[in-house]
Structure formats: C-alpha cells, structure tokens
Amino acid sequence: MIITVRKAVALCALGAALAGCGSGGASQTVRPEQPGASAGPHSSASRPPTLSPGPRGLTPVFQNGPRDLGKTVALTFDADMTADQGDRAAAGEHFDNPALIATLRQLKVPSTVFMTGRWADEYPDQARSIGSDPLFEVANHSYSHYSFTADCYGLPTVPADRMRSDVERAYTSFRKAGVPNPMPYFRFPGGCYDDSALKAITPTGVTAVQWDVVSGDAFATDADAVAQQVLDGVRPGSVVVMHCTRSAAPTTERAIRTVVPELRKRGFKFVKVSELIGDSHRDQGTKQGSR
C-alpha cells in the first residue's frame with residue numbers, strides 16, 4: 001500500500017513544510033459513532049461518521065465518497081507547520097493563509113482543514129476562527145508534521161512509540177486554541193503510512209483520510225495550472241488535497257477562484273469530508289438493502 005502512496009506523492013514537489021500527495025486505501029464499513037474521546041467533545045447525537053476498523057483492527061482509510069450519489073466534491077486544505085519551524089515563523093515566514101480562508105468564506109465553500117497541532121499553536125486565533133465557523137471542519141494532521149514512515153520525502157520521522165501521542169497532542173493544541181469540535185479524521189503527513197502506522201494510531205479512534213485528486217499546489221507558481229489539474233481530476237465523490245500555507249503554496253487562493261465557479265457550473269456541490277463519509281454509509285446501506 002505504501003508503494004502506491006509514494007508513486008502518487010511523486011506528482012508533487014514536497015518539502016518538510018507541506019503534506020505530500022498520495023492515494024488512500026479502500027473504504028471500509030462506515031459507523032456513525034466516534035469510538036474514541038480524543039477527537040473532541042461531540043455529543044452522542046452529533047458524533048460525526050467514521051469508518052469501522054479495517055482488517056486486523058487497523059485504522060480505516062477513506063479515499064473518496066460514492067461515485068453514484070450525485071456530483072459532490074470535498075475540498076481539503078492542509079495547514080502545515082512542522083514542530084521545528086518556530087524560528088522560521090518568528091523570522092517572518094507565513095505558514096497561514098488568511099486570504100484563502102476569506103475567499104472560501106466569500107464563495108461559501110464548505111471545506112475540511114487538516115491542521116497540525118504546531119500550526120494551531122502558532123495561529124490560535126485563526127484556528128479558533130476556522131473551527132468555530134460552520135462552513136469549515138477542523139481535522140487532525142498530526143502535531144509535528146513528521147512522517148509516520150521512514151523515507152517520506154525528507155520529513156523527520158515520528159518514532160513508532162510516539163505516533164499515538166503525536167495525534168493526541170494535536171487535539172490538545174486544538175482544544176487549547178479554542179477549536180470547539182475537531183473531527184475524528186486524520187491525514188498522514190506526506191501521505192505516507194503503512195500497516196504499522198495504522199496499528200499505532202488505532203487507539204485514537206480516528207479515520208485516516210487520503211484523497212483521489214492531487215491539486216499540485218505545493219510550491220506551484222502557476223495558479224491556472226493548479227486549477228486545471230483539479231478540474232481535470234474531479235469526479236463525483238472526489239476528495240481534493242490542497243494547502244493552507246502561504247509560503248509554500250502561494251497560488252492556492254487564486255486557483256480556488258477558478259476551480260469553484262467552474263465546478264459549480266458543471267453541477268458539482270461542495271461538501272465536507274464528514275458528508276462524504278456519511279454518504280458512503282448511506283450508499284452501503286442502500287446496496288445492502290437491495291440484495
């Protein structure tokens with residue numbers, strides 16, 4: 001599985017500041033409950049949908065929603081900052097992108113932001129603002145943005161015995177920043193994972209979320225090319241990976257201004273990842289009922 005992930009990641013120019021681009025594993029059975037407490041204070045009636053554990057109890061992996069339930073697409077944005085980039089932020093490097101968030105609000109685009117805990121520590125006001133806005137949902141991108149496998153495109157590596165705590169530490173940072181209901185969804189830094197990583201984070205109760213459309217916005221300088229890559233790749237149920245990091249993905253906001261109206265013109269509806277996972281649950285129930 002990790003070989004497939006890495007082939008896809010090679011489509012992007014990756015660095016330690018950004019999450020990579022990979023493909024996810026097959027979707028598993030969906031359950032509407034949240035199994036663990038680490039993902040935040042959801043009431044039993046409002047717990048977001050998650051996937052059931054995969055084979056051997058491994059953390060499940062979600063890549064895209066159903067292809068046959070209408071033209072829905074989820075735009076996701078990785079808010080990346082590694083644990084060792086504080087000096088760069090202090091020197092003036094911008095790992096945030098307020099203009100992108102403002103544009104998503106202006107265009108009324110529901111979105112999922114996969115945030116590192118270190119990013120939330122650096123930008124608590126923005127983390128709280130995003131997490132408190134019903135247009136968005138905040139999901140987990142680890143605390144450190146270190147890789148959960150070896151040899152993941154230059155990223156430092158999280159030791160196996162610290163993988164679970166790295167995920168949980170991010171949720172601690174979200175709570176400290178005032179994010180009210182972070183979602184039980186996790187995106188691996190660099191898109192790199194293997195069975196050992198899936199096993200290590202199973203106790204957190206998260207669903208790992210990958211994607212099926214690579215935007216190519218990492219370090220891109222041509223917004224039109226980024227937009228075209230997204231438009232060429234989107235299918236019903238797609239999950240698009242983009243970035244919310246000004247210094248390393250400077251064209252994303254401009255690309256969004258092209259992508260959103262064009263996809264709407266094509267009949268697509270923008271949804272959050274939670275809605276796609278919920279659609280998968282309903283789709284599976286419909287198919288089982290028709291047997």
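Every residue gets a number counted from 1 within its own chain, in the order that chain's sequence is written. Where local features are concerned, this predicted model is filtered to residues with pLDDT of at least 70; where side-chain atom pairs are given and counted, the filter is 80 or more; whole-chain, interface and lining totals use all residues. Side-chain numbers come from the whole structure's heavy atoms, not from hydrogens or water.

1. Observations regarding the overall build of the chain
- The secondary structure listing takes helices from DSSP runs of H or I that are at least 4 residues long and strands from runs of E that are at least 2 residues long, numbered from the N terminus. A tally of helices and strands in the chain yields ten helices and eleven strands.
- Scored against the burial criterion, the 291 residues of the chain give a buried share of 58%.
- For the chain, the share of sequence-separated contacts (at least 6 apart) that also reach a separation of at least 24 residues comes to 79%.
- In these tables, accessible area is a Shrake-Rupley quantity obtained with a 1.4 Å probe, and a residue counts as shielded only by the protein chains included in the view. By element, 51% of the accessible surface of the chain is carried by carbon and sulfur atoms, the whole surface being about 11400 Å². Each residue's exposure class comes from its accessible area (1.4 Å probe, protein chains only) as a fraction of the maximum for that residue type: buried when under 20%, exposed when over 50%, partly exposed otherwise. Residues count as neighbours in contact if any of their non-hydrogen atoms are within 4.5 Å of one another.

2. Considering the state of the cysteines
- Any two cysteine sulfur atoms lying within 2.5 Å of each other are counted as a disulfide. Across all of its chains, the model carries one disulfide by this definition.
- Disulfide pairing places Cys152 opposite Cys192 at an S-S distance of 2.2 Å. Measuring handedness by torsion sign, the sulfur bridge of Cys152 and Cys192 sits at about 80 degrees and is right-handed. Taken together, the positions of Cys152 in the loop between strand 6 (136-140) and helix 6 (163-177) and Cys192 in the loop between strand 7 (185-186) and helix 7 (195-201) put the pair 40 residues apart, joining distant regions of the chain. The exposure classification of Cys152 matches that of Cys192, with both residues buried.

3. Points about the packing of aromatic side chains
- Under the pairing criterion, centres of Phe, Tyr and Trp rings, with the six-membered ring standing for Trp, must be within 6.5 Å; the plane angle then separates stacked pairs below 30 degrees from edge-to-face pairs above 60, leaving the rest tilted. For the structure on display, the rule yields six aromatic pairs.
- Measuring from centroid to centroid gives 5.0 Å for Trp119 and Tyr123, while their planes differ by 50 degrees, and the two rings are tilted. This pair shows no difference in class: Trp119 is buried, exactly as Tyr123 is.
- Connected via pairs of aromatic rings, a cluster forms that spans Phe148, Phe186, Phe188 and Tyr193.
- Two conditions define a charge located above a ring, namely a distance within 6 Å from the ring centre to NZ of Lys or CZ of Arg, and an angle within 35 degrees of the ring normal. The lysine or arginine in question, Arg169, covers the ring of Tyr143, its NZ or CZ lying 3.7 Å from the ring centre.
- Here the guanidinium or amino end of Arg187 rests over the ring plane of Phe114, the centre of that ring lying 4.1 Å away.

4. Remarks on helix 8 (residues 223-233)
- Of all the positions in helix 8, only Ala223, Val226, Ala227, Val230 and Leu231 are classed as buried. Considered in projection along helix 8, the buried side chains sweep an arc of 130 degrees and stay on one side of the axis. Among the exposed residues of helix 8, those pointing more than 90 degrees away from its buried face are Asp224 and Asp232.
- Along its buried surface, helix 8 packs onto strand 9 (213-214), strand 10 (238-243) and helix 9 (252-265).
- Its side-chain oxygen 3.0 Å from the backbone nitrogen of Asp224, Asp222 forms the N-cap of helix 8. What the arc describes is the spread of directions from the helix axis to the C-beta atoms. Identification of polar contacts relies on pairs of N or O atoms within 3.5 Å, with a donor-acceptor requirement for protein atoms, meaning one able to donate a hydrogen and the other able to accept it, and with residues adjacent in sequence counted only if both atoms are side-chain atoms.

5. Observations concerning the environment of Met81
- The topology assignment puts Met81 in the loop between strand 4 (72-79) and helix 2 (86-90).
- Met81 sits 63 residues away from Ser144 along the chain, and the two C-alpha atoms are 7.4 Å apart.

6. A short note on the pattern of salt bridges
- Any carboxyl oxygen of Asp or Glu that lies within 4 Å of a side-chain nitrogen of Lys or Arg is treated as forming a salt bridge with it. Evaluation of the coordinates by the stated rule reveals eleven salt bridges.
- Two residues, Glu168 and Arg164, come together in a salt bridge whose shortest N-O distance is 2.9 Å. Linking Glu168 with Arg164, this pair stays in helix 6, spanning four residues, or about one helical turn.
- Classification of Glu168 by relative accessible area gives partly exposed; the value is 26%.
- By relative accessible area, which is 39% here, Arg164 ends up partly exposed.
- A salt bridge links Glu262 to Arg266; the shortest N-O distance between them is 3.0 Å.
- Arg266 gets classed as partly exposed once you look at its relative accessible area, which sits at 35%.

7. Overview of the side chain of Asp166
- Take Asp166: it is sitting in helix 6.
- In this tally Asp and Glu are treated as negative and Lys and Arg as positive; neither His nor the chain ends contributes. The side chain of Asp166 is buried and forms no salt bridge, while Arg162, the nearest opposite charge, is found at 5.7 Å.
- Excluding residues within four positions of it along the chain, Asp166 makes contact with Ser142, Tyr143, Ser144, Phe148 and Val158.

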